[in-house]
Amino acid sequence: SMTWNAYYTLDDIYSWMEDLISSYPEATEIIGGISYEGRPIKGIRIYHGRANKKIFLEGGIHSREWISPATVAYIANELLTSPIDEIRDAAREYDWYIFPVTNPDGYIWTFTNNRMWRKNRRPINAQQTGVDLNRNWNNNWLVAGASIDPSSDTYPGPGPFSEPETRTLSTYIRSISDGMEFYLSFHSYGQLLLLPFGNTTEPLANYFEAINIGRRAMGALSVRYGTQYVTGNVAEAIYHATGGSIDWVKGHLDVRLVYCYELRPDDWRVGFILPPDEILPNNLEVMDSILELIYMSKRIT
Ligand code: 0X9
Ligand code: ZN
(Lines give C-alpha, C1' and ligand atoms only; values in the text may rest on other atoms or scores of the structure.)
(Ligands and ions follow the chains in the order given, each with its own letter.)
Protein backbone atom coordinates (compact mmCIF):
# COMPACT_ATOMS: atom_id res chain seq x y z
CA SER A 1 0.00 0.00 0.00
CA MET A 2 0.96 3.63 -0.36
CA THR A 3 2.86 5.40 2.39
CA TRP A 4 2.78 8.91 0.86
CA ASN A 5 6.46 9.54 1.54
CA ALA A 6 7.71 8.51 -1.91
CA TYR A 7 6.69 8.87 -5.54
CA TYR A 8 5.40 5.73 -7.25
CA THR A 9 5.80 4.29 -10.72
CA LEU A 10 2.85 3.77 -13.03
CA ASP A 11 2.88 0.02 -12.32
CA ASP A 12 2.78 0.67 -8.58
CA ILE A 13 -0.07 3.18 -8.90
CA TYR A 14 -2.10 0.93 -11.19
CA SER A 15 -1.67 -2.17 -9.04
CA TRP A 16 -2.50 -0.18 -5.90
CA MET A 17 -5.69 0.99 -7.65
CA GLU A 18 -6.56 -2.62 -8.46
CA ASP A 19 -6.10 -3.56 -4.81
CA LEU A 20 -8.47 -0.79 -3.71
CA ILE A 21 -11.00 -1.81 -6.34
CA SER A 22 -11.00 -5.41 -5.15
CA SER A 23 -11.24 -4.39 -1.48
CA TYR A 24 -14.06 -1.84 -1.61
CA PRO A 25 -17.36 -2.67 -3.35
CA GLU A 26 -18.12 1.03 -3.87
CA ALA A 27 -14.93 1.33 -5.97
CA THR A 28 -14.95 0.13 -9.56
CA GLU A 29 -12.42 0.28 -12.35
CA ILE A 30 -13.07 2.81 -15.10
CA ILE A 31 -11.07 3.26 -18.28
CA GLY A 32 -11.03 6.89 -19.40
CA GLY A 33 -9.12 6.29 -22.61
CA ILE A 34 -5.94 4.96 -24.11
CA SER A 35 -2.44 6.33 -24.61
CA TYR A 36 -0.39 6.43 -27.81
CA GLU A 37 1.64 3.42 -26.64
CA GLY A 38 -1.56 1.54 -25.87
CA ARG A 39 -1.79 1.86 -22.11
CA PRO A 40 -5.18 2.33 -20.44
CA ILE A 41 -5.93 5.62 -18.71
CA LYS A 42 -7.10 3.83 -15.62
CA GLY A 43 -9.40 5.33 -13.02
CA ILE A 44 -11.45 4.55 -9.95
CA ARG A 45 -15.13 5.36 -9.72
CA ILE A 46 -16.38 5.71 -6.16
CA TYR A 47 -20.12 5.38 -6.06
CA HIS A 48 -22.32 4.30 -3.18
CA GLY A 49 -25.54 4.49 -5.18
CA ARG A 50 -28.05 7.34 -5.32
CA ALA A 51 -25.55 10.22 -5.57
CA ASN A 52 -26.59 12.30 -8.56
CA LYS A 53 -23.77 14.83 -8.71
CA LYS A 54 -20.36 13.91 -10.06
CA ILE A 55 -16.83 15.05 -9.28
CA PHE A 56 -14.08 14.40 -11.82
CA LEU A 57 -10.38 14.43 -10.83
CA GLU A 58 -7.75 14.60 -13.59
CA GLY A 59 -4.11 14.02 -12.60
CA GLY A 60 -0.78 13.69 -14.33
CA ILE A 61 -1.54 15.16 -17.74
CA HIS A 62 1.97 16.69 -17.51
CA SER A 63 4.22 13.77 -16.68
CA ARG A 64 6.99 15.54 -14.76
CA GLU A 65 4.54 17.02 -12.26
CA TRP A 66 4.81 13.99 -9.98
CA ILE A 67 2.93 15.56 -7.06
CA SER A 68 -0.23 15.56 -9.19
CA PRO A 69 -0.76 11.76 -9.42
CA ALA A 70 0.26 11.50 -5.75
CA THR A 71 -2.43 14.01 -4.77
CA VAL A 72 -5.17 12.43 -6.85
CA ALA A 73 -4.34 8.91 -5.63
CA TYR A 74 -4.40 10.17 -2.05
CA ILE A 75 -7.87 11.67 -2.47
CA ALA A 76 -9.18 8.33 -3.75
CA ASN A 77 -7.54 6.60 -0.80
CA GLU A 78 -9.09 9.00 1.70
CA LEU A 79 -12.56 8.69 0.18
CA LEU A 80 -12.36 4.92 0.61
CA THR A 81 -10.50 4.56 3.91
CA SER A 82 -10.87 7.69 6.05
CA PRO A 83 -12.73 7.45 9.37
CA ILE A 84 -13.44 11.22 9.28
CA ASP A 85 -17.17 11.91 8.93
CA GLU A 86 -16.79 14.83 6.51
CA ILE A 87 -14.71 12.70 4.15
CA ARG A 88 -17.03 9.70 4.44
CA ASP A 89 -19.98 11.98 3.68
CA ALA A 90 -18.20 13.40 0.62
CA ALA A 91 -17.59 9.86 -0.64
CA ARG A 92 -21.30 9.05 -0.31
CA GLU A 93 -22.75 12.33 -1.55
CA TYR A 94 -20.97 12.33 -4.91
CA ASP A 95 -20.24 9.99 -7.76
CA TRP A 96 -16.42 10.28 -8.08
CA TYR A 97 -14.40 9.72 -11.26
CA ILE A 98 -10.73 9.68 -10.34
CA PHE A 99 -7.84 9.44 -12.83
CA PRO A 100 -4.38 9.86 -11.21
CA VAL A 101 -2.34 9.47 -14.44
CA THR A 102 -3.90 10.74 -17.67
CA ASN A 103 -0.54 10.72 -19.51
CA PRO A 104 0.77 7.23 -18.66
CA ASP A 105 3.42 7.01 -21.42
CA GLY A 106 4.94 10.33 -20.40
CA TYR A 107 4.85 9.37 -16.73
CA ILE A 108 6.84 6.19 -17.40
CA TRP A 109 9.32 8.22 -19.49
CA THR A 110 10.01 10.50 -16.50
CA PHE A 111 11.09 7.42 -14.51
CA THR A 112 13.07 5.66 -17.22
CA ASN A 113 14.60 8.34 -19.45
CA ASN A 114 13.98 11.99 -18.68
CA ARG A 115 12.70 13.27 -15.34
CA MET A 116 11.70 16.58 -16.96
CA TRP A 117 9.48 15.15 -19.73
CA ARG A 118 6.11 16.97 -19.93
CA LYS A 119 4.32 15.83 -23.10
CA ASN A 120 2.96 12.53 -24.38
CA ARG A 121 5.25 10.15 -26.31
CA ARG A 122 3.87 10.17 -29.84
CA PRO A 123 6.60 10.64 -32.46
CA ILE A 124 5.85 13.69 -34.62
CA ASN A 125 8.62 13.02 -37.12
CA ALA A 126 11.97 11.23 -37.20
CA GLN A 127 13.55 13.71 -34.77
CA GLN A 128 10.76 15.07 -32.61
CA THR A 129 8.43 13.49 -30.08
CA GLY A 130 5.51 14.57 -27.99
CA VAL A 131 2.48 16.82 -27.82
CA ASP A 132 1.58 18.98 -24.85
CA LEU A 133 -1.66 17.32 -23.80
CA ASN A 134 -2.75 20.49 -22.03
CA ARG A 135 -2.64 22.46 -25.30
CA ASN A 136 -4.39 19.83 -27.45
CA TRP A 137 -8.03 20.20 -26.33
CA ASN A 138 -10.49 21.61 -28.79
CA ASN A 139 -11.13 25.00 -27.26
CA ASN A 140 -9.34 27.98 -28.79
CA TRP A 141 -6.67 25.52 -29.93
CA LEU A 142 -3.36 27.25 -30.84
CA VAL A 143 -4.69 30.69 -29.92
CA ALA A 144 -2.23 31.43 -27.08
CA GLY A 145 0.66 30.01 -25.07
CA ALA A 146 1.67 27.30 -27.54
CA SER A 147 4.45 26.81 -30.09
CA ILE A 148 4.13 25.17 -33.49
CA ASP A 149 7.71 23.86 -33.13
CA PRO A 150 7.36 20.13 -32.35
CA SER A 151 10.48 20.39 -30.15
CA SER A 152 8.70 22.80 -27.86
CA ASP A 153 7.26 21.73 -24.53
CA THR A 154 4.07 23.56 -25.49
CA TYR A 155 3.66 22.00 -28.96
CA PRO A 156 -0.14 21.66 -29.23
CA GLY A 157 -0.15 18.89 -31.84
CA PRO A 158 -1.09 19.10 -35.52
CA GLY A 159 -4.72 19.80 -34.67
CA PRO A 160 -7.21 19.80 -31.81
CA PHE A 161 -7.63 16.36 -30.26
CA SER A 162 -4.93 14.93 -32.53
CA GLU A 163 -3.70 12.79 -29.61
CA PRO A 164 -5.21 9.50 -28.45
CA GLU A 165 -5.04 10.57 -24.80
CA THR A 166 -7.08 13.78 -25.21
CA ARG A 167 -9.37 12.35 -27.87
CA THR A 168 -10.38 9.29 -25.84
CA LEU A 169 -10.47 11.06 -22.49
CA SER A 170 -12.60 13.93 -23.78
CA THR A 171 -15.03 11.45 -25.32
CA TYR A 172 -15.24 9.66 -22.00
CA ILE A 173 -15.71 12.89 -20.03
CA ARG A 174 -18.49 13.97 -22.36
CA SER A 175 -20.19 10.58 -21.99
CA ILE A 176 -20.41 10.93 -18.19
CA SER A 177 -20.80 14.73 -17.99
CA ASP A 178 -24.47 14.68 -17.07
CA GLY A 179 -24.71 15.95 -13.49
CA MET A 180 -21.02 16.84 -13.24
CA GLU A 181 -20.67 19.50 -10.52
CA PHE A 182 -16.86 19.68 -10.28
CA TYR A 183 -14.00 19.10 -12.70
CA LEU A 184 -10.61 19.40 -11.00
CA SER A 185 -7.33 19.21 -12.89
CA PHE A 186 -4.06 18.83 -10.94
CA HIS A 187 -0.73 20.29 -12.05
CA SER A 188 2.38 21.71 -10.47
CA TYR A 189 3.82 24.07 -9.64
CA GLY A 190 3.11 27.59 -8.35
CA GLN A 191 0.44 27.31 -5.62
CA LEU A 192 -2.38 28.66 -7.72
CA LEU A 193 -6.02 27.79 -8.11
CA LEU A 194 -6.91 28.56 -11.71
CA LEU A 195 -10.27 28.77 -13.37
CA PRO A 196 -11.27 29.13 -17.01
CA PHE A 197 -10.42 30.69 -19.37
CA GLY A 198 -6.86 30.92 -20.67
CA ASN A 199 -7.45 33.26 -23.60
CA THR A 200 -8.90 36.25 -21.79
CA THR A 201 -8.98 37.94 -18.41
CA GLU A 202 -12.68 38.69 -18.99
CA PRO A 203 -14.78 37.26 -16.16
CA LEU A 204 -16.68 34.78 -18.31
CA ALA A 205 -19.32 32.20 -17.30
CA ASN A 206 -19.79 32.02 -13.51
CA TYR A 207 -16.39 33.61 -12.82
CA PHE A 208 -17.46 35.49 -9.68
CA GLU A 209 -19.13 32.50 -8.09
CA ALA A 210 -16.15 30.28 -8.93
CA ILE A 211 -13.65 32.85 -7.62
CA ASN A 212 -15.51 33.23 -4.34
CA ILE A 213 -15.79 29.49 -3.75
CA GLY A 214 -12.17 28.99 -4.82
CA ARG A 215 -10.85 31.70 -2.48
CA ARG A 216 -12.71 30.15 0.44
CA ALA A 217 -11.23 26.78 -0.42
CA MET A 218 -7.72 28.23 -0.54
CA GLY A 219 -8.38 29.81 2.86
CA ALA A 220 -9.17 26.32 4.16
CA LEU A 221 -6.05 24.95 2.46
CA SER A 222 -3.88 27.49 4.29
CA VAL A 223 -5.11 26.64 7.79
CA ARG A 224 -3.03 23.50 8.37
CA TYR A 225 0.47 24.74 7.40
CA GLY A 226 0.01 28.32 6.23
CA THR A 227 0.48 27.43 2.54
CA GLN A 228 -0.69 30.35 0.40
CA TYR A 229 -2.43 29.87 -2.96
CA VAL A 230 -3.48 32.62 -5.37
CA THR A 231 -6.87 32.22 -7.08
CA GLY A 232 -7.66 33.63 -10.52
CA ASN A 233 -8.44 32.70 -14.07
CA VAL A 234 -5.64 31.19 -16.14
CA ALA A 235 -4.94 34.34 -18.13
CA GLU A 236 -4.87 36.65 -15.11
CA ALA A 237 -3.06 34.37 -12.65
CA ILE A 238 -0.30 32.85 -14.83
CA TYR A 239 -0.28 33.48 -18.56
CA HIS A 240 -2.44 33.27 -21.64
CA ALA A 241 -2.65 29.62 -22.68
CA THR A 242 -5.37 27.82 -24.62
CA GLY A 243 -6.25 24.25 -25.53
CA GLY A 244 -6.21 23.16 -21.88
CA SER A 245 -8.61 20.65 -20.40
CA ILE A 246 -10.38 23.03 -18.06
CA ASP A 247 -11.22 25.45 -20.88
CA TRP A 248 -12.67 22.64 -22.99
CA VAL A 249 -14.73 21.27 -20.09
CA LYS A 250 -16.10 24.71 -19.20
CA GLY A 251 -16.57 25.76 -22.81
CA HIS A 252 -18.23 22.62 -24.13
CA LEU A 253 -19.94 20.87 -21.23
CA ASP A 254 -22.33 21.94 -18.50
CA VAL A 255 -20.08 21.70 -15.44
CA ARG A 256 -20.58 24.25 -12.71
CA LEU A 257 -17.18 24.43 -11.00
CA VAL A 258 -14.01 23.83 -13.02
CA TYR A 259 -10.58 24.43 -11.49
CA CYS A 260 -6.93 23.68 -12.13
CA TYR A 261 -4.68 23.34 -9.09
CA GLU A 262 -1.04 24.31 -9.51
CA LEU A 263 0.26 22.46 -6.45
CA ARG A 264 3.41 22.98 -4.35
CA PRO A 265 5.96 24.43 -4.46
CA ASP A 266 5.87 28.15 -5.27
CA ASP A 267 9.67 28.27 -5.50
CA TRP A 268 10.99 27.96 -9.07
CA ARG A 269 14.32 26.62 -7.75
CA VAL A 270 12.43 23.56 -6.46
CA GLY A 271 10.02 23.45 -9.39
CA PHE A 272 8.78 20.01 -10.37
CA ILE A 273 11.12 18.19 -7.97
CA LEU A 274 9.03 18.53 -4.84
CA PRO A 275 10.78 16.69 -1.98
CA PRO A 276 8.98 13.48 -0.94
CA ASP A 277 8.58 14.75 2.62
CA GLU A 278 6.18 17.38 1.25
CA ILE A 279 3.85 14.84 -0.38
CA LEU A 280 1.78 14.15 2.71
CA PRO A 281 1.51 17.79 3.88
CA ASN A 282 0.47 18.74 0.35
CA ASN A 283 -2.10 15.95 0.22
CA LEU A 284 -3.57 16.85 3.59
CA GLU A 285 -3.96 20.54 2.78
CA VAL A 286 -5.44 19.81 -0.66
CA MET A 287 -7.95 17.41 0.90
CA ASP A 288 -8.93 20.20 3.30
CA SER A 289 -9.52 22.48 0.33
CA ILE A 290 -11.66 19.94 -1.50
CA LEU A 291 -13.94 19.51 1.48
CA GLU A 292 -14.31 23.31 1.58
CA LEU A 293 -15.04 23.45 -2.17
CA ILE A 294 -17.84 20.94 -1.59
CA TYR A 295 -19.14 22.78 1.45
CA MET A 296 -19.12 26.17 -0.26
CA SER A 297 -20.72 24.82 -3.44
CA LYS A 298 -23.73 23.82 -1.37
CA ARG A 299 -23.83 27.11 0.58
CA ILE A 300 -23.70 29.26 -2.54
CA THR A 301 -26.19 27.94 -5.08
O1 0X9 B 1 0.66 25.62 -18.84
C2 0X9 B 1 -0.07 24.75 -18.36
O3 0X9 B 1 -0.59 23.85 -19.03
C4 0X9 B 1 -0.38 24.78 -16.87
N5 0X9 B 1 0.79 25.16 -16.13
S6 0X9 B 1 2.01 24.06 -16.00
O7 0X9 B 1 3.14 24.72 -15.37
N8 0X9 B 1 1.55 22.90 -15.01
O9 0X9 B 1 2.30 23.52 -17.29
C10 0X9 B 1 -1.51 25.75 -16.64
C11 0X9 B 1 -2.79 25.27 -17.24
C12 0X9 B 1 -3.84 26.29 -17.21
N13 0X9 B 1 -5.00 25.89 -17.90
C14 0X9 B 1 -5.27 26.26 -19.21
N15 0X9 B 1 -4.34 26.70 -19.97
N16 0X9 B 1 -6.49 26.15 -19.60
ZN1 ZN C 1 1.15 21.09 -15.81
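Up top is the structure these notes are about.
No experiment lies behind these values; they were computed from the predicted model shown.

Visitor: Describe the sheet that holds strand β7 (residues 230-233), and please don't skip the residues or the numbers.
Guide: Reading across from one edge, β1-β2-β4-β3-β5-β8-β6-β7 is the order of the 8 strands in this open sheet, with mixed pairing throughout. Both outer strands of the open sheet, β1 (27-34) and β7, are each paired with one neighbouring strand and no more. Mean inter-strand twist for the sheet, computed between neighbouring axes without regard to direction, equals 20 degrees.

Visitor: So what's going on with helix α2 (residues 67-81)? Residues and values would help.
Guide: Between its first and last C-alpha, α2 extends 21 Å over 15 residues, near the 21 Å set by a 1.5 Å rise per residue. In terms of residue burial, α2 counts as a mostly covered element, since 12 of its 15 residues are buried. What α2 keeps buried is the set Ile 67, Ser 68, Pro 69, Ala 70, Thr 71, Val 72, Ala 73, Tyr 74, Ile 75, Ala 76, Asn 77 and Leu 79.

Visitor: Account for the nonpolar core, naming residues and giving values.
Guide: Ranked by internal contacts, the top residues of the largest apolar core, which has 73 residues, are Phe 56, Ile 75, Ala 76, Ile 98, Tyr 183 and Tyr 259. Top contributing element to this core by residue count: α2, with 8 residues. Setting aside anything within four residues of it in sequence, one finds Ala 76 in contact with Leu 20, Ile 44, Ile 46 and Ile 98.

The rules behind each value
Residues numbered from 1 in each chain as written. Chains lettered and ligands numbered in written order. Predicted model: local features only at pLDDT ≥ 70, side-chain atom pairs only at ≥ 80, totals over all residues. Pairing = 2+ DSSP bridges. Helix = DSSP H or I, 4+ residues; strand = E, 2+ residues; numbered from the N terminus. Axes fitted to C-alpha atoms, helices over the stretch in contact; angles between N-to-C directions. Expected span 1.5 Å × (residues − 1). Buried ≥ 20, exposed ≤ 12 C-beta atoms within 10 Å, placed from the backbone. Core = buried A, V, L, I, M, F, W, Y, C linked by C-beta atoms within 7 Å. Contact = placed C-beta atoms within 7 Å.

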